[in-house]
Structure formats: structure tokens, C-alpha cells
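Understanding the architecture of this molecule
Now for the letters of each chain:
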Amino acid sequence: MAADSLERDEDGGQEAVSSGNILESFTESKETRDLIVSLRDVCDELVNREVCTQRFIVIMDTYQEQPHLLDSHLEWMLDLLLEIVRDKTSSPVLVHLGFKFLYIISKVRGYKIFLRLFPHEVVDVQPVLEMISAQNPADHETWETRYMLLLWLSMTCLIPFDLSRLDGNLSQKEGQMRRSTMDHILEIAKVCSQFITRPDVKQKKMADFLDWSLATLSKASYLTIEGTIAMDGILQALAQLFKHGKREDCLPYAATVLTALDKCQLCDSNQTVLRKLGVKLVQRLGLTFLKPKVANWRYQRGSRSLAANLLQTATGIQNSAAASSPDADEEYDIPEEIEHVVEQLLVGLKDKDTIVRWSAAKGIGRLTGRLPRELADDVVGSVLDCFSFQETNNAWHGGSLALAELGRRGLLLPSRLPDEDEIQ
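An account of the accompanying structure is given in this report. (Residues numbered from 1 in each chain as written. Predicted model: local features only at pLDDT ≥ 70, side-chain atom pairs only at ≥ 80, totals over all residues. Heavy atoms only, no water.)

Focus on the overall build of the protein chain
Defined as follows: Going along the chain from the N terminus, every DSSP run of H or I of four or more residues is numbered as a helix, and every run of E of two or more is numbered as a strand. Accessible area is worked out with a 1.4 Å probe on protein chains only. A residue is then buried under 20% of its type maximum, exposed over 50%, and partly exposed in between. Only heavy atoms matter for contacts: two residues are in contact if any of them lie within 4.5 Å across the pair. Using a 1.4 Å probe, accessible areas were evaluated by the Shrake-Rupley method; residue-level cover was limited to the displayed protein chains.
Along its length, the protein chain carries 21 helices and two strands. The burial tally for the protein chain puts 43% of its 424 residues in the buried class. For the protein chain, contacts bridging at least 24 residues in sequence account for 69% of all contacts bridging at least 6. Accessible surface for the protein chain amounts to roughly 23800 Å². Of this, 51% is attributable to carbon and sulfur atoms.

Okay, here's the thing in C-alpha cells:
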């Protein structure tokens, strides 16, 4: 409901009026249910379909800023719409309309939360595969259907059973072998990173998937629309694969992927999303090269009590992390590729778009936290070089983001404070 507030001056007069729309609940629940139920009646008439869809969009958009109010109603909305799309008697137009409504809900609430409610039992794998196989990728009017089916497929891929159990006897009467469920999923959606990292899939398909991805990446060009779309999908898939995959599984391929990424020269692209994905993939590759350890030299905040901090200073007790010597770090070899990864991230700090600089700053922070103290200090020094009068405003902003990320992670030691004070 709307809440209005009045501010009055000292004389009691009205000084200003401020109002804001604060919703307390999902008040259009009944109307939303009626709209979904009416889909079977309105699907045959274009005008009725558009009126119904537009009204549903208006209702959902009302909750863009407070999407959590939909949470208690998501389940019944999902059940009603899945009943439509699963019904074998539903026309293709009605099925697409159902998926379109599902997309509208997921756009408002966020697909990560909405997707958890989708059924993802063993019995759901084949029906989803059949529905998505029946789609026409060239039909631009039904992209919402393919989008939601891909999300649904990504959930069904998480079932904790070996997919070979779903295949039974693959032989057919004609003597031909029908496709396994694993091959069928990969043929439909090669961008399912969580599927590739399944224990039963990675042993058989990860190498082939990476070969296909890098081959597609090498043939695509960011100068064309088709090439941009292809590179977008491949880069997202690779970034997610190196995020969800285990280090020991991804490490043998990391150097090859890094070399292929360098050849794409994404830093020269005018596409912001490609430059951002390039930076994201570079940092994921860097994390794969390094052991997943937390630096023991990190700065540890003192006591919350000012008196306790002063007492520590008076008695000469130093922070344990600051007092630790470089010899306290675990000795292990740092791969040569790390230097190149850091260079790419430093270039990303100077990018013309904030979203790319922010991604590079987060990458700098994550990598620095896994480096020995001496090498980490070199990275901090390189970040401070961004604050030169010869650098652009973009570099200063990117450097500020990186310092903030390093400070948040406790990677800026007191010994560096004089250098940071010189930045004016």
C-alpha cells in the first residue's frame, strides 16, 4: 500500500510532501490466477492473447522492486502453468503462452530463485528433452519457450544418478544405436557447464566439449552479430565450467584455454559484454592455476575495543599477520601463466566500461589472496601504478575499485599505507 509522509517546519507549516509506493503483499493474487486459468480460452485469438499477456506483465512489473512478495505465490503459479505446458492436448500456441508467462515471472523474481521450484526428478529428464528437441531455433517468436526449457534442463541435469541408467538397452530393431541421454543433452545444449562437470559426464565428454568450444571460439568474430552471439555463449559456458568444475579436472586444460582466449583479442572489441566475459574467464583460469588457499599473511583487524587496541600498541604487540615473515608462507611454485593473467586483469582495470573494471578488480582481489606475500605485494604495486597523472580517469577508477577489493579482503598491509597516502 502507498505510504505518504509530511515534513513540517518549526512554525507548524507544511514544508515538503514525500510519497513512496511500498507494497505489503501480492494483492493481485486472484486476478493473476484468473489470467493464467484463462489462457486456454484466449490462446486462439491474437488480440485476446496480447491483452491477457500485457495485463500479466503490468501486474508482475509492479513487484520489480519488491519481488520477494511473490515468493508465497510462486508455487501455485508454477503448478498452473506447468499443467498447461505438460498437457499433450495443448496447442503449440498455448504451450508457448505458458512458457512466456513463466519467463515473465522469472524475469521479475530472478531465475535463480524461481528455477529451484521446477520439478527435477528422474522422470522429468525425458519429457524436458522431448519438448526442447521439438523447438525450432530459427523461430524468433518462441525464444521464451527455449529459454525456460534450457533453464529447466539445467535443473534436471543435477539429478544424482548416472545418466546411463536412463538409457536401458540402446540397441534398436534396425540394428542402429540410438543416442544416449548424455549425448542427447550435449547435442541440444552444449552450454550446460554444471552438466559437463558431473562425475559421470566429465570423464567422457569434458575434453570433447572444450575442443568444440575452442574451435567455435576461433572461428567466431566479434565484428559480426552471429559471431558476437556465439562468442557470448562460449565464454559464458567456459567461465561457468571453470567456476563449478574441480581444480584437478580443469587444470590440464587451463593453459590451452588461456592461449585460445588471447588469440581472440577481446580487449579490442567494442562489445562490452565480451570484454567483461573475457576478464571473468581470465580470472577463473588464474584461480585454477593457483592452489585454493587463504593467505596467512592477510591483515587481521584488531579488537573492537579502542582501549584494547591502545594497550596492544603500548605493549608492542603487533598484529600476527603483519608480523609474520615471508618465510611463513607455504613454499610452492607459481605457474608462469599467472603473470600473464595478472597483466590481463590490470588491462581490464583501465577499460572504458565500469562493469569490466569491476570484474577485473574482483579478479585482482581473488588472485592476490592466493599468492605468497612478496608476489602479492608486487600486484598491489602494479595497482598503485594506475594512479599516475599519465593515466586516464578510467585507470584511476579501476585502481580505486581494486584497492577497495584488496582492502576488503585484508590484502593491503600497513607497510603499504605510506604509498597509498601519496595518492591524492
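Re unusual backbone geometry
Trans peptide bonds make up the majority, and among non-glycine residues the majority have a negative phi. Positive phi is not limited to glycine here, since Q265 has a value of about 50°. Of the residues examined, Q265 reaches a relative accessible area of 46% and is grouped as partly exposed.

What about the packing of aromatic side chains?
This is how it is decided: The aromatic pairing rule takes the rings of Phe, Tyr and Trp, using the six-membered ring of Trp, and pairs them if the centres are within 6.5 Å, calling planes under 30 degrees apart stacked, those over 60 edge-to-face and the rest tilted. Our definition puts a charge over a ring when NZ of Lys or CZ of Arg is within 6 Å of the ring centre and also within 35 degrees of the ring normal.
Counting across every chain of the model gives nine aromatic pairs. Between F56 and F101 the ring centres are 4.2 Å apart and the planes differ by 20°, which places this aromatic pair in the stacked class. Linking F56 in helix 3 (residues 46–61) with F101 in helix 5 (residues 92–109), this pair joins segments that are 45 residues apart in sequence. For the pair F56 and F101, a shared accessibility class is recorded, and that class is buried. Summarising the aromatic geometry, the rings of F209 and W212 are spaced 6.2 Å apart at their centres and angled 35° between planes, so their arrangement reads as tilted. Here the residue F209 and the residue W212 both occupy positions in helix 11 (residues 199–219), the gap between them amounting to three residues, near one helical turn. Chaining the aromatic ring pairs together yields one cluster made of Y103, W143 and Y147. K362 extends its terminal NZ or CZ atom over the ring of W358, reaching a point 4.7 Å from the ring centre.

Thoughts on the pattern of salt bridges
In plain terms, the rule: We define a salt bridge as a contact between a side-chain nitrogen of Lys or Arg and a carboxyl oxygen of Asp or Glu at a distance within 4 Å.
Applying the stated criterion across every chain, the model contains twelve salt bridges. Close ionic contact of R198 with D200 constitutes a salt bridge, the shortest N to O distance being 3.1 Å. For the residue pair R198 and D200, the accessibility class agrees, reading buried in each case.

Here's the deal with the layout of surface pockets
It is the rolling of a water-molecule-sized probe over the atoms that shows where space remains empty. Stated precisely, the cut-off is as follows: Grid points spaced at 1 Å and placed over the protein atoms alone form the basis of the search, with a cavity being a set where a 1.4 Å probe fits but cannot get out and a pocket an open set showing protein on both sides within 12 Å along at least five of seven lines. Lining residues have an atom within 4 Å of a point. Grid points are joined across faces, edges and corners, and a volume is the space filled by probe spheres set on the points. Each residue gets one label: Ala, Val, Leu, Ile, Met, Phe, Trp, Tyr, Cys and Pro are nonpolar, Asp, Glu, Lys and Arg are charged, and the others, such as Gly, are polar.
When its volume is computed, the second largest pocket comes out at roughly 420 Å³. For the second largest pocket, the lining is made up of 22 residues, of which V85, V95, F99, M131 and Q135 are closest to its centre. Those elements giving two or more residues to the lining of the second largest pocket turn out to be helix 4 (71–86), helix 5, helix 7 (125–133) and helix 8 (143–156). By residue class, the composition of the lining of the second largest pocket is ten nonpolar, six polar and six charged.

Quick word on the environment of K291
Here K291 shows up in the loop between helix 14 (272–289) and helix 15 (306–315). Along the backbone, K291 and R370 are 79 residues apart, and their C-alpha atoms lie at a distance of 7.0 Å.

Thoughts on the nonpolar core
Heads up, the condition is: Here, the term nonpolar core denotes a set of buried Ala, Val, Leu, Ile, Met, Phe, Trp, Tyr and Cys residues that are joined through side-chain atoms within 4.5 Å.
L39, M60, L102, F118, F195 and L349 are the most contacted members of the largest nonpolar core, which has 116 residues in total. At ten residues, helix 5 tops the list of elements feeding residues into this core. Look past the residues within four positions of L349 in its chain and what remains in contact with it is R357, A360, A361, I364, V383, C386, N394, A395, G398 and A402.

Nothing here speaks to function; it is geometry throughout.
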